[in-house]
Amino acid sequence: MLGEVSDVIWAPISAIIFYRMFGGTLGTFGSLFNFMEELFPGLDFIPTFTLSWVMQRITQGWREPKVKMKMQEQKA
């Protein structure tokens, strides 16, 4: 009983923290997903913050080479 009550209190706080950490599209989608995950019982095992951090790092890795190539083309 205490776990469910604390999840209702924690859900909006967690969603706000998530949005402020990631921002943009990932923050918007992730905060909504995180909010729903916290409200529904049995879904607390999903590591939403960790998965989003990994996804953000992977997509940054894809973008960085493109940005470097554009900067080199502009210098030439």
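Cut-off values and rules
- Residues numbered from 1 in each chain as written.
- Predicted model: local features only at pLDDT ≥ 70, side-chain atom pairs only at ≥ 80, totals over all residues.
- Heavy atoms only, no water.
- Helix = DSSP H or I, 4+ residues; strand = E, 2+ residues; numbered from the N terminus.
- Buried < 20%, exposed > 50% of the residue type's maximum accessible area, 1.4 Å probe, protein only.
- Contact = heavy atoms within 4.5 Å.
- Areas by Shrake-Rupley, 256 points an atom, 1.4 Å probe, with all protein chains shown as cover.
- pLDDT = per-residue confidence, 0-100.
- Phe/Tyr/Trp six-rings, centres within 6.5 Å; stacked < 30°, edge-to-face > 60°.
- Lys, Arg positive; Asp, Glu negative; His and termini not counted.
- Salt bridge = Lys/Arg side-chain N within 4 Å of Asp/Glu carboxyl O.

Caption draft 1: Region of the structure containing the overall build of the protein chain. Scanning the protein chain from N- to C-terminus turns up three helices and zero strands. From first element to last, N terminus to C terminus, the protein chain shows the α and β order α-α-α. Taking all 76 residues of the protein chain together, 22% fall into the buried category. A separation of at least 24 residues holds for 47% of the contacts in the protein chain among residues at least 6 apart in sequence. Accessible surface, the protein chain: about 6,100 Å² in total, of which carbon and sulfur atoms supply 72%.

Caption draft 2: Main features of the confidence of the model for the protein chain. Mean pLDDT over the protein chain works out to 85, with 89% of the residues at or above the 70 mark. Averaged pLDDT values for the elements of the protein chain fall to 79 in helix α3 (residues 48-75) and rise to 91 in helix α2 (residues 24-39).

Caption draft 3: Up close: the packing of aromatic side chains. Counted by the stated rule, this structure contains three aromatic pairs. Here the aromatic rings of F29 and F33 are separated by 6.4 Å at their centres, their planes lie at 20 degrees, and the arrangement is stacked. With F29 and F33 both in helix α2 and four residues apart, this pair spans about one turn of that helix. A relative accessible area of 58% means that F29 is categorised as exposed. Ring-pair connections join several aromatic residues into one group, and the members of that group are F18, F22 and F49.

Caption draft 4: Fine view of the environment of A11. The residue A11 is located in helix α1 (residues 2-22) in this model. Exposure remark for A11: the relative accessible area of 0% places this residue in the buried category. Spatially, the C-alpha atoms of A11 and L39 are 6.3 Å apart, while their sequence positions differ by 28 residues. Every residue in contact with A11, bar those within four places of it in the chain, is listed here: F35, E38 and L39.

Caption draft 5: Up close: the side chain of E38. Structurally, E38 is set in helix α2. Despite its burial, E38 remains without a salt bridge, the nearest opposite charge being carried by R20 at 17 Å. Filtering out sequence-adjacent residues up to four positions away, E38 remains in contact with D7, W10, A11, S14 and D44.

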